[in-house]
Each structure stands twice: as structure tokens, then as C-alpha cells.
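# Per-entry structural report
Take a look at the letters that make up each chain.
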Amino acid sequence: MTPRRIDQILANFGYCSRSEARHWVRAGRVTAGGEIITVADRKFSPDAICVDGEPVECPNGVLALLNKPAGYVCSHDAGEGPTIYDLLPTRWRKRNPAATSVGRLDKDTTGVLLVTDLGELVQRWTSPKHKVAKVYEVTVHADIPPNLVAAFAAGTLMLEGEDKPCLPARLEIVSAREARLELTEGRYHQVKRMFASAKLDVTRLHRSRFGDFELDDLPPGQWRLLPMP
Ligand code: URA
């Protein structure tokens, strides 16, 4: 890991401002490789640093999986109601760059949401060319016509207001009003708009998989760190 100045590490990892970092160093609160550091401009690898005896959090960057509950928006703007960032450590928001969701889920959608401060992962996992598979469990207000399987698989479905058809998507009808849908793209409100094309309103939407990541037994509102890919 590239060595960086201590004050820069503590500021960029959301601990304090750079001037506060200098105070923390002078107060003997910061160690590197077990040695108390006395000047904040010395350079170390972030994974060698401890503050008050605790290793700095996520020295290689944040990568976490949140089980998003309904009622939370994927926005940094608190004016839109409770946000997913209320469910995550406050320090992640103060990092530079800040931790952010990989794509967004609607307020009423639940399930797998990745959060990271690594821009290259956001780019890789949201870019259409990488075709990351996302699986949604969907409930709709009326019975699902069996021909929707072929309609979604055809790669010809046009969503209102768009000029390119959706990529082929795999629909599995689970019961009269429930289905599992696998997409490899992530257009705005895509699942709801795909079902709306068949005059079906989505009444429950849960993402059970994003790429290789699943919830396992993670309860709603909880998160866990993931290994760096
Ligand atoms: N598609 C939607 O319509 N909503 C979501 O939250 C995710 C995918």
C-alpha cells in the first residue's frame, strides 16, 4: 500500500480534519507499527496506523453489502427522508471520497446493495459493458401472463421514452403473481417499467443477488464488510 502522510490518512478516512490530526499526533494517540508517532507529516502505509490503539478502519477502502430495508432512499440528501447512509458508520460518509452505493434501489425496494468508496468498483459494477447480473424477486398486483417470459427474453422490449430495447432478461414465474427476474443492465426503475409494459404494477421488489453477492442470513438494515475483489 502506498505510504501517505498521517494527517492525510486520518482526514481522508473520516477521523478528523488535518489540523485535528496534528493535535491527535502531538497527544500521542497515533501509532504506526506499534511506535508512537510525534510528527503528522511522516508517511506510512494506512494499514500500519492505529488511533487510540485501534487499527484505522478499512485501510484498503470500504466495500460492504447492506441488506436495504424498505423506506430508505439511496441518496446523500437527508431532505428525501431516511437514507441508507443512516444505517452505515458515520465515518464512512466523512471519508474522501465518501462511501456511496453501487447504483441505486428505489425507496420501497429491499435487499442487496453494495456500498464502497472505491470509484473503480462503482464504475466496474455499474457500467453496462460489464453486464453484472442482478436478480429480483417480484410480486405484482395481478396474474403474470406466461408469454411475458418470452417477451422479456427476446431483447426487443422497448420501455417508454427510450430508443434502445432492453437486453434479454430471464423471467421465471414462481406463482401466479410472483416471479424472479434476472437482468444484466440497470436502467432507471427498470423492473417496474418492464412489468408496467404488461400493465402489471409491482407491489413488492426485493433484490436477492448482485453479481456474485447474496444476503445469506444478513438481517434487513444490517451490513457486512466484503473482501476486496
Ligand atoms: N428496478 C426498479 O424498478 N426498482 C429498483 O429499485 C431496482 C430495479
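See the structure printed just above.
Presented here is an overview of the structure given in this document. (Residues numbered from 1 in each chain as written. Predicted model: local features only at pLDDT ≥ 70, side-chain atom pairs only at ≥ 80, totals over all residues. Heavy atoms only, no water.)

## Observations regarding the packing of aromatic side chains
Overall, the coordinates contain three aromatic pairs when judged by the stated rule. Geometrically, the ring pair formed by tryptophan 125 and phenylalanine 213 is edge-to-face, given 5.7 Å between the ring centres and 75° between the ring planes. Here phenylalanine 213 lies in strand S14 (residues 213-214) and tryptophan 125 lies in helix H4 (residues 119-126), a separation of 88 residues in the sequence. As far as burial versus exposure is concerned, tryptophan 125 and phenylalanine 213 are alike and both buried. Relative to phenylalanine 195, the ring of phenylalanine 152 has its centre 5.4 Å away and its plane inclined at 85°; by these criteria the two rings are edge-to-face. Residue phenylalanine 152 is found in helix H5 (residues 148-153), and its partner phenylalanine 195 is found in helix H6 (residues 190-196); the two are separated by 43 residues along the sequence. In this structure phenylalanine 152 comes out as buried when scored by relative accessible area, which is 1%. Among the residues examined, phenylalanine 195 registers a relative accessible area of 0% and is labelled buried. Directly above the ring of tryptophan 24 sits arginine 29, whose terminal nitrogen or CZ lies 4.1 Å from the centroid. Here arginine 95 stacks its cationic end above the ring of phenylalanine 13, 4.4 Å away from the centre of that ring. (Phe/Tyr/Trp six-rings, centres within 6.5 Å; stacked < 30°, edge-to-face > 60°. Helix = DSSP H or I, 4+ residues; strand = E, 2+ residues; numbered from the N terminus. Buried < 20%, exposed > 50% of the residue type's maximum accessible area, 1.4 Å probe, protein only. Lys NZ or Arg CZ within 6 Å of the ring centre and 35° of its normal.)

## Some points on unusual backbone geometry
Omega for the bond connecting asparagine 96 with proline 97 falls within 30 degrees of zero, at 0°, which places this linkage in the cis form. Within the secondary structure layout, proline 97 lies in the loop between helix H3 (90-94) and strand S8 (100-101). Look at lysine 199: it is not a glycine, yet its phi comes out positive at around 60°. On the secondary structure map, lysine 199 appears in the loop between H6 and strand S13 (202-210). Owing to a relative accessible area of 72%, lysine 199 belongs among the exposed residues under this scheme. You will see that aspartate 216, though not glycine, has its phi angle at about 55°, which is positive. Considering the arrangement of structural elements, one finds aspartate 216 in the loop between S14 and strand S15 (223-225).

## Comments concerning the environment of isoleucine 144
Turning to its location among the elements, isoleucine 144 is positioned in the loop between strand S10 (134-140) and H5. On the accessibility criterion, isoleucine 144 (8% relative accessible area) is buried. Counting along the chain gives 54 residues from isoleucine 144 to alanine 198, while the straight-line C-alpha distance between them is 8.7 Å. What isoleucine 144 contacts, discounting residues up to four positions off in sequence, is Ile173, Ser175, Ala176, Arg177, Glu178, Ala179 and Leu200. (Contact = heavy atoms within 4.5 Å.)

## Focus: the site of the ligand
As a structural note, the neighbourhood of the ligand is formed by Leu105, Asp106, Thr109, Tyr136, His189, Gln190, Val191, Lys192 and Leu205. Interatomic distance of 2.7 Å between a side-chain N/O atom of aspartate 106 and a nitrogen atom of the ligand. In the model, an oxygen atom of the ligand is placed 2.8 Å from a nitrogen or oxygen of the threonine 109 side chain. When isolated, the ligand has an accessible area of 240 Å², and the protein chains bury 95% of it. (Near = heavy atom within 4 Å. Polar contact = N/O pair within 3.5 Å; in protein donor to acceptor, adjacent residues only side chain to side chain. Areas by Shrake-Rupley, 256 points an atom, 1.4 Å probe, with all protein chains shown as cover.)

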